[in-house]
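Structural overview
What follows is the residue order along each chain.
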Amino acid sequence: MDLIPFININGLWQVDMPELIDPILTATNQLVIAERNFAEFLDTLANKKVTHMNLEFNYDYINPYDAKLIRRGSSYICESIFYKKKNTLLWFPPFLPKAMKTNDKPEIIYIKIQP
């Protein structure tokens, strides 16, 4: 299980983990999520009401969960969100597996929003 903080600044989601910033790169927006489907996925989880949320990434089955992702090649399929069936392709930003310290390439991820 990994707890990953996300923050929405001016409509852009980013991972709130400054330790993931590569000191060699000069860009200040290294942790911004540019992958459209993943940003929309975070908007749905946040219900467009919160600007900061901690997501618990579980690699073993938990109940209840807020979203279920299944690995398909190098991406993931969002199979369900809030127990509603989905079939949305999600590309993870390249820095997200670094935040998933326990398991960076799981077959299934159960996501739970932490209060």
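Residues numbered from 1 in each chain as written. Predicted model: local features only at pLDDT ≥ 70, side-chain atom pairs only at ≥ 80, totals over all residues. Heavy atoms only, no water.

1. Examining the overall build of the protein
Check the secondary structure of the protein and you find two helices and seven strands. Its C-alpha atoms put the protein at 40 × 30 × 25 Å along the principal axes. Every one of the 115 residues in the protein was classed for burial, and the buried ones make up 43%. For the protein, long-range pairs separated by at least 24 residues make up 63% of all intrachain contacts whose partners lie at least 6 apart in sequence. In the form shown here, the protein has an accessible surface area of approximately 6,900 Å², with 53% of it arising from carbon and sulfur atoms. (Helix = DSSP H or I, 4+ residues; strand = E, 2+ residues; numbered from the N terminus. Buried < 20%, exposed > 50% of the residue type's maximum accessible area, 1.4 Å probe, protein only. Contact = heavy atoms within 4.5 Å. Areas by Shrake-Rupley, 256 points an atom, 1.4 Å probe, with all protein chains shown as cover.)

2. Structural notes on the nonpolar core
Membership of the largest hydrophobic core comes to 30 residues, with the highest contact counts inside it found for Phe6, Phe41 and Phe57. Mapped onto this core, the elements with two or more residues apiece are β1 (2-9), β2 (12-15), α1 (36-46), β3 (52-58), β4 (67-72), β5 (75-81), α2 (96-99) and β7 (108-114). (Core = buried A, V, L, I, M, F, W, Y, C linked by side-chain atoms within 4.5 Å.)

3. Notes on the packing of aromatic side chains
A full pass over the atoms with the stated rule returns eight aromatic pairs. Between the aromatic rings of Phe6 and Phe38, the centroid separation amounts to 6.3 Å while the plane-to-plane angle is 50°, which identifies the pairing as tilted. With Phe6 in strand β1 and Phe38 in helix α1, this residue pair connects regions lying 32 residues apart in the sequence. Classification of Phe38 as buried rests on a relative accessible area of 0%. Residues Tyr65 and Tyr83 carry aromatic rings whose centres are separated by 4.9 Å and whose planes lie at 40° to one another, so their mutual orientation is tilted. Residue Tyr65 is located in the loop between β3 and β4, and its partner Tyr83 is located in the loop between β5 and β6 (84-90); the two are separated by 18 residues in the primary sequence. On the accessibility criterion, Tyr83 (47% relative accessible area) is partly exposed. In this structure an aromatic cluster arises from ring pairing among Phe6, Phe38, Phe41, Tyr76 and Phe92. (Phe/Tyr/Trp six-rings, centres within 6.5 Å; stacked < 30°, edge-to-face > 60°.)

4. Quick notes on the environment of Tyr83
Along the chain, Tyr83 and Gln114 lie 31 residues apart, while their C-alpha atoms are 17 Å from each other. Ignoring any residue separated from it by four or fewer positions in sequence, one finds Tyr83 in contact with Asn63, Pro64 and Tyr65. A polar contact is formed between the side chain of Tyr83 and the side chain of Asn63, at a distance of 3.1 Å. (Polar contact = N/O pair within 3.5 Å; in protein donor to acceptor, adjacent residues only side chain to side chain.)

5. Some details on the pairing of β5
Of all seven residues in β5, six are buried; the element is thus mostly enclosed. In this structure, β4 lies alongside β5, joined through six bridges in antiparallel fashion. Within the sheet, the bridge partner assigned to Ala67 lies in β5 and is Ile81. Hairpin connection of β4 to β5: two residues between the antiparallel strands, including Gly73 at a positive phi of 70°. One ladder, built from five bridges, connects β5 with β6; its direction is antiparallel. Of the residues in β6, the one forming a bridge with Ile77 is Leu89. (Pairing = 2+ DSSP bridges.)

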